[in-house]
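# Breakdown of the fold
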Amino acid sequence: MTERTLVLVKPDGVERKLIGEVLARIERKGLDLVAIELRTVDRELAAQHYAEHDGKPFFESLLEFITSGPVLAAVAEGPRAIAAWRQVAGGTDPVEKAAPGSIRGDFGLEVQYNLVHGSDSPESAAREIKLWFPNL
Ligand code: DAT
Ligand code: MG
């Protein structure tokens, strides 16, 4: 079944010039990029995007981090796109969870600075794509 998922290269990934690397891996996997935009995130968008984490100890530093510089936002499409992009990205903790060969496994060291975001379910994908790309 064809799905769409939200892709973010977070400020650490942009700063480290990994946009090309991330997009190349998404294309190599076979997913289609159907929208792509470089933007700066305000606190309101950040808080809505990470609403599920409101109240957690890392919430404030997460918002500070995601608003700290430009972010690459994209929508990728293909069969099982949500799981496929999560696999390419790797698990949340770049050391404990992300496999070598994944983006986080290859380039990440700390949980907060894990370089990329991917929607985690069809419901999240629909909500996040609407939030970031309301006209899509
Ligand atoms: P994911 O980005 O893999 O979907 P998540 O939704 O659980 O992970 O968390 C969102 C982001 O919040 C994650 O990419 C990095 C940060 N984060 C998660 N758990 C954290 C923790 N224990 N300490 C610091 N930052 C954390
Ligand atoms: Mg998540």
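Residues numbered from 1 in each chain as written. Chains lettered and ligands numbered in written order. Predicted model: local features only at pLDDT ≥ 70, side-chain atom pairs only at ≥ 80, totals over all residues. Heavy atoms only, no water.

Looking up the protein in an unreviewed UniProt entry gives the name Nucleoside diphosphate kinase, with the organism given as Pseudonocardia bannensis. One UniProt comment on the protein, placed under Subunit (unreviewed entry), says "Homotetramer." (UniProt positions renumbered as here; feature names shortened; annotations may be inferred.)

What follows is about the UniProt feature "active site" (unreviewed entry) in the protein. Per the UniProt record, the feature "active site" (unreviewed entry) sits at H117. Among the structural elements, H117 can be located in strand β4 (residues 116–118). The exposure class assigned to H117 is buried, which follows from its relative accessible area of 10%. Ignoring sequence-local partners within four residues, the contact set of H117 consists of L6, V7, L8, K10, H49, Y50, W85, R104 and E128. (Helix = DSSP H or I, 4+ residues; strand = E, 2+ residues; numbered from the N terminus. Buried < 20%, exposed > 50% of the residue type's maximum accessible area, 1.4 Å probe, protein only. Contact = heavy atoms within 4.5 Å.)

Below, the discussion takes up the packing of aromatic side chains. Tallying each qualifying case throughout the model produces one aromatic pair. Judged by centre distance (5.1 Å) and plane angle (90°), the rings of F65 and Y113 are edge-to-face. You can see F65 sitting in helix α4 (residues 59–66) and its partner Y113 sitting in the loop between α6 (103–107) and β4, a full 48 residues away along the chain. According to the relative accessible area criterion, F65 is buried, its value standing at 7%. (Phe/Tyr/Trp six-rings, centres within 6.5 Å; stacked < 30°, edge-to-face > 60°.)

K10, Y50, H53, F58, L62, R86, T92, R104, V111 and N114 make up every residue found near ligand 1. R104 has a polar side-chain atom sitting 3.0 Å from an oxygen atom of ligand 1. The contact in question runs from an oxygen atom of ligand 1 to an N or O atom on the side chain of N114, over 2.8 Å. Residues that form the shell around ligand 1 fall into these classes: four nonpolar, three polar and three charged. (Near = heavy atom within 4 Å. Polar contact = N/O pair within 3.5 Å; in protein donor to acceptor, adjacent residues only side chain to side chain. Nonpolar A, V, L, I, M, F, W, Y, C, P; charged D, E, K, R; others polar.)

Glancing now at the confidence of the model for the protein. On average, the protein scores 98 in pLDDT, and the residues at 70 or more come to 100%. The ipTM assigned to the predicted complex is 0.98, against a pTM of 0.98. (pLDDT = per-residue confidence, 0-100.)

Turning our attention to the packing of helix α2 (residues 19–29) against helix α5 (residues 81–89). Contact pair α2 / α5: the axes reach a minimum separation of 10 Å and the direction vectors enclose 130°. When the axes of α2 and α5 are compared, the pair comes out oblique. Of the two elements, α2 crosses α5, and the hand of that crossing is right-handed. Facing α2, whose interface residues are V22, R25, I26 and K29, α5 presents A84, W85, Q87 and V88. Taken together, the residues that form the contact of α2 with α5 break down as five nonpolar, one polar and two charged. (Axes fitted to C-alpha atoms, helices over the stretch in contact; angles between N-to-C directions. Parallel < 35°, antiparallel > 145°, perpendicular 65-115°, else oblique. Left-handed = near helix turned anticlockwise from the far one by under 90°.)

Let's shift gears to the side chain of T5. Relative to the helices and strands, T5 resides in strand β1 (residues 2–9). The residues contacting T5, other than those within four sequence positions of it, are A74, V75, A76, A81, I82, W85, S119, A125 and I129.

Right, let's talk about the UniProt feature "domain: Nucleoside diphosphate kinase-like" (unreviewed entry) in the protein for a bit. In the numbering adopted here, UniProt assigns the feature "domain: Nucleoside diphosphate kinase-like" (unreviewed entry) to residues 2–136. For residues 2–136, the end-to-end C-alpha separation is 16 Å, with 41% helix and 21% strand making up the annotated structure.

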